[in-house]
Amino acid sequence: MADSHDPKNIRNICILAHVDHGKTTLADHLIASSGGGVLHPKQAGRLRFMDYLDEEQRRAITMKSSSIALQYKNHSINLIDSPGHMDFCSEVSTASRLSDGGLVLVDAVEGVHIQTHAVLRQAWIEKLTPCLVLNKIDRLIVELKLSPLEAYNRLLRIVHEVNGIVSAYKSEKYLSDVDSILARPVGETGDEYQELLDDDDEEDTFQPQKGNVVFVCALDGWGFGICEFAEFYASKLGASVAVLQKAFWGPRYFVPKTKRIVGKKGLPAGSKARPMFVQFVLEPLWQVYEAALDTNGDKTILEKLIKSFNLSVPPRELQNKDPKSVLQSVVSRWLPLSDAILSMVIKHMPDPGTAQAFRLSRLLPKREILDDDVGKSDVIAEAELVRKSVEACDSRPEAPCVAFVSKMFAVPMKMLPQRDVNGGIVNNIEVGNGDSDECFLAFARIFSGVIHLGQKVFVLSALYDPLKTGDSVQKHIQEAELHSLYLMMGQGLTPVASARAGNIVAIRGLGQHILKSATLSSTKNCWPFSSMTFQVSPTLKVAIEPSDPVDMGALMKGLRLLNRADPFVEVSVSARGEHVLAAAGEVHLERCIKDLKERFAKVNLEISPPLVSFRETIEGESLNSFDKFKSLTGNSNVIEKTTPNGRCTVRVHILKLPDALTKLLDESSDLLEDIIAGKAIRAQDDEHPVESLRKRIWDAVESEISDTNAEKDKEKLKLLWENLLKRIWALGPRQIGPNMLLLPDSTTDDNGSSVLIKGSPYVSERLGFVSSSEESETETTSAETRSLKEEADSLRSSVLSGFQVATGSGPLCDEPMWGLAFVIEASISPYDSESEAVNQSDQYGVFSGQVMTAVKEACKAGVLQKNPRIVEGMYFCELNTPTEYLGPMYAVLARRRARILKEEMQEGSPLFTVHAYVPVAESFGFPDELRRWTSGASSALLVLSHWEALPEDPFFVPKTEEEKEEFGDGSSVLQNTARKLIDGVRRRKGLAVEEKVVQFATKQRTLARKKHYWTNFTQVKTENEQELFIYQWGLLFRLNRLCVCRYEIVNDLDVTRCRDNI
């Protein structure tokens, strides 16, 4: 394999793009030309070699990232094809972690889409070197029939748009760096600040004149960069290749009379000159297409092209009756796609050594050495040596071996090679895998050293810390032996004996040691690689159980295998004992269930309807920020509860937090967990995470303050918020949620004989809003008061537990609360006598439990009093549809309660792009319904966006005359959307639901009367008597405002006559 190559001749790249933009088709042509004969050129673009799963071929989309090794001009290129569907974005994360560069594909017709943004951000996060590939250029000629100048303007706009996206990420990082530098003491910012100012004027990332942009048609197998045409025209125009490369993009024009290249200002007045890219690149290409496809085209153009470039096109291909085949044969030899792509990869993407030095801060961030770790100099020195080996991509055998496993993937045992490197027969029985037909391989990249068969390595989880010792660290490190190494060739596997740094391989023997991802190291003294970043989270959840309870063991085993095989799926057990499967979307879920049924569990399954999560909050938009604080300090909105024994009184105030602060607390849950638990958090990228979080919290608060108009109110609000942020006792639910428990104001004190249960601003101390609190003991007047205060201190945990339980299950439908701050004042009073203490303990139970229950009930009652609202998740939806299907598309969106954000027509195409928000609860089956109503012409992509409160009151009852006229009165009032959602969740959880047992009783009674009428009618014999009977009963029906719902022919009487009379 590539272990004979120098690391400088290795390139690790992945293909990134929106769904259906041509990634797998492009990979087919690269494999056909440089894959060692595994794919015939005639099948390229049609076989979809990298999509070897049956489900991928059936749906015509890529569902997993797969790798193949290519050889091109003494270079080894490891190519990873990644999915474009948003449901499988986790595979993009695993592919980008193992790569050094990324080919970003964009459809020249559809342009930049939502997943294009996502993959560009992933490439930016992982510090990949990107190159831009504009695909499907032929559609501009054949389908849209654009002129060369119109096509140039379209391509120019796409390049500018992609550069704008990357520039936004750079600006975000630039502003963050400036803020962190300016926050330092004066005198320490000089050099770094000047470097940032110098970098501020960077050029665009993608520039065709630099060679990192190519224009291709992957289906027909041709592509070109500007350098190919610059080399061809250099001798004809008498200019150097470097000059022509710069002139072939942008507003540069060629004047034939003077043979000079000028800008727009240098053109003579009234000139109709075209840009050089149009004149010398696009126009010849357009002429070749017209000559081949047009029935009246000039066929001599193709002959001149073949002679000019000495193309070897077989005569039988030129005589093909299909003009498209003739065109493909000529253009694919004139502008070979693989040469354009792979030469750009070798020239503009870094080798592993250069890339790892650039990406080191992302892969192995420099850890802050704490004071407690100073004595462990040997461990620190070895860990630093390993870090330097990774930075240099040291491929010597004596270098420490370090590799990263981005995912585990399952392969059927029958697909494993039956012979080893030396040709001997291999025993493919998986140790510890029981009777499973699946073998788990690790998808890994070697960053330092050499790995070989039989080598023993340490498997490090992301939580491993080499500076710590004890049982708490031992569970994060394991020792494993490498059974086999494979070079991946799509579905095929080629066994190898060893592999050097810089290569991508599949490793067998780690299935029992790695669940999702891990770091492999030959030494214990190594920091684990940083965790991968996923763009979305698994939000679609279903409960799953076997059709036959006997198969429960097989299901649990299958779920364990699926959890290891899929990097993004989550398997858990709910509070009700259900096995819950969480996936990224409907397509991902369908694939997981299919794998369970056919590969891992092999049993019939029962799948529940999707389990949708909601949140509960209170109405807060009607009040401005200052009025919220007035309501907080007033006594009218206080909820008061007393324990059954009457000793503890709980008073609760509730405040709605700003939306920006709530969102920040929710997104920072992982960091908050480490901060609150007191774990040592090390600085990364010269910025401490705690300081960064504290600054972001204050920024979110200031955004709320800025909405207030009066300057006087702004100052008051600022002081109030400073006071509140210093009083944070806890967060909830689960200690890390987006709800706050605030201490009572310092002015609140013990009242008479009662004593206040006082907490401490623990979270505020951890976040750095206040210094460590020092409780000062006040003088007590009696032993009774002193014992009462000791009892109050022991009840702190009861108040905390009550708050956690309340925020974990709200009053509407037992869903977690969202964005609320609770100020809880709990005071206890002494017993009247000792006998009363004994009696109350026996009668009402443990006092701490009473306090916890009172706090919980007070919090829930406070939410119900302050106009509760249900909060639902929202998807951001991007739709593309032709103009003639706009009506059906809007009808589907209206039925799904969607909110339209933007609608625009794509210039030069018949497609409309619509952006909308769709509730998660309404999204199930949405893509299928959209395709059904638009005859498959529309497509939709859903990405989880945010949480949004429904403005409807779930307990709405018409009171005014206008409301009664609009919504009805009494039993005729229909449930609003919020109430329907709440009742649905309560019904699923087995909670009480207010609903009528008998509905439409009047209609049911009327139905019985109709049967009686028709029975009497059948007893009338003559036709005249029947007509009189119908006339009489018809009058009666009209008087009673009844209607006949069913007509029957009785005694051959004409049913029309019955209907007309009645």
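Residues numbered from 1 in each chain as written. Predicted model: local features only at pLDDT ≥ 70, side-chain atom pairs only at ≥ 80, totals over all residues. Heavy atoms only, no water.

Visitor: Quick rundown of the packing of aromatic side chains? Include the residues and the values.
Guide: Per the counting criterion, the structure on display carries 25 aromatic pairs. Ring geometry for phenylalanine 229 versus tryptophan 334: centroids 6.1 Å apart, planes at 75°, classification edge-to-face. Residue phenylalanine 229 is located in helix α8 (residues 226-237), and its partner tryptophan 334 is located in helix α13 (residues 323-334); the two are separated by 105 residues in the primary sequence. As far as the burial class goes, phenylalanine 229 and tryptophan 334 line up, both buried. Note on phenylalanine 232 and tyrosine 233: the rings are 5.1 Å apart at their centroids and 75° apart in plane angle, and the pair reads as edge-to-face. By relative accessible area, which is 27% here, phenylalanine 232 ends up partly exposed. (Phe/Tyr/Trp six-rings, centres within 6.5 Å; stacked < 30°, edge-to-face > 60°. Helix = DSSP H or I, 4+ residues; strand = E, 2+ residues; numbered from the N terminus. Buried < 20%, exposed > 50% of the residue type's maximum accessible area, 1.4 Å probe, protein only.)

Visitor: How would you explain the nonpolar core if you had to name every residue and give the values?
Guide: Core analysis: the biggest nonpolar cluster contains 78 residues, and Leu103, Ile341, Ile507, Leu510 and Leu581 have the highest contact counts within it. Looking at this core element by element, the count peaks at six residues for helix α14 (residues 337-348). Not counting the four nearest positions on each side in its chain, isoleucine 341 is found in contact with Leu26, Leu30, Leu103, Val133, Val214 and Val216. Counting residues in hydrophobic clusters, the runner-up holds 61 residues, among them Val112, Ile141, Val162 and Val330. (Core = buried A, V, L, I, M, F, W, Y, C linked by side-chain atoms within 4.5 Å. Contact = heavy atoms within 4.5 Å.)

Visitor: Describe in detail the pattern of salt bridges, supporting the description with residues and values.
Guide: All chains considered together, the criterion is met by 43 salt bridges. Aspartate 100 is the partner of arginine 359 in a salt bridge, and the nearest nitrogen-oxygen pair spans 3.3 Å. In this pair, arginine 359 sits in helix α15 (residues 352-363) while aspartate 100 sits in the loop between α3 (89-98) and β4 (101-107), placing the two residues 259 residues apart along the sequence. A salt bridge links arginine 979 to glutamate 994; the nearest nitrogen and oxygen atoms lie 3.6 Å apart. Taken together, the residues span a long stretch of sequence, with arginine 979 in helix α33 (residues 977-989) and glutamate 994 in the loop between α33 and α34 (1001-1018) at a distance of 15 residues. Residues participating in the shared-partner salt-bridge network are Glu55, Arg58, Arg59, Glu590, Lys594 and Glu598. (Salt bridge = Lys/Arg side-chain N within 4 Å of Asp/Glu carboxyl O.)

Visitor: Hey, could you go over the environment of methionine 86 for me, with residue numbers and the actual values?
Guide: Its place among the elements puts methionine 86 in the loop between β3 (75-81) and α3. Taking the C-alpha atoms as reference, methionine 86 lies 9.0 Å from isoleucine 114; in sequence the two are 28 residues apart. The residues contacting methionine 86, other than those within four sequence positions of it, are Gln115, Ala118, Gln535, Val536, Leu941, Leu942 and Val943.

Visitor: Can you lay out the side chain of glutamate 878 for me, pointing to particular residues and giving the numbers?
Guide: Here glutamate 878 lies in strand β31 (residues 868-882). Of the side chains with opposite charge, lysine 902 lies nearest to the buried glutamate 878, which makes no salt bridge, at 7.1 Å. Separated by 3.2 Å, the side chain of glutamate 878 and the backbone nitrogen of isoleucine 114 make a polar contact. If sequence neighbours within four positions are ignored, glutamate 878 has contacts with His18, His113, Ile114, Thr913, Val914, His915, Ser939, Ala940 and Leu941. (Lys, Arg positive; Asp, Glu negative; His and termini not counted. Polar contact = N/O pair within 3.5 Å; in protein donor to acceptor, adjacent residues only side chain to side chain.)

Visitor: I'd like a description of the pairing of strand β16 (residues 492-496), backed by residues and values.
Guide: Note: strand β15 (residues 484-489) against β16, five bridges, orientation antiparallel. If you follow leucine 485 over to β16, its bridge partner there is valine 496. With antiparallel pairing between neighbouring strands as the criterion, β15 and β16 make up a hairpin whose turn holds two residues, including glycine 490 at a positive phi of roughly 70°. (Pairing = 2+ DSSP bridges.)

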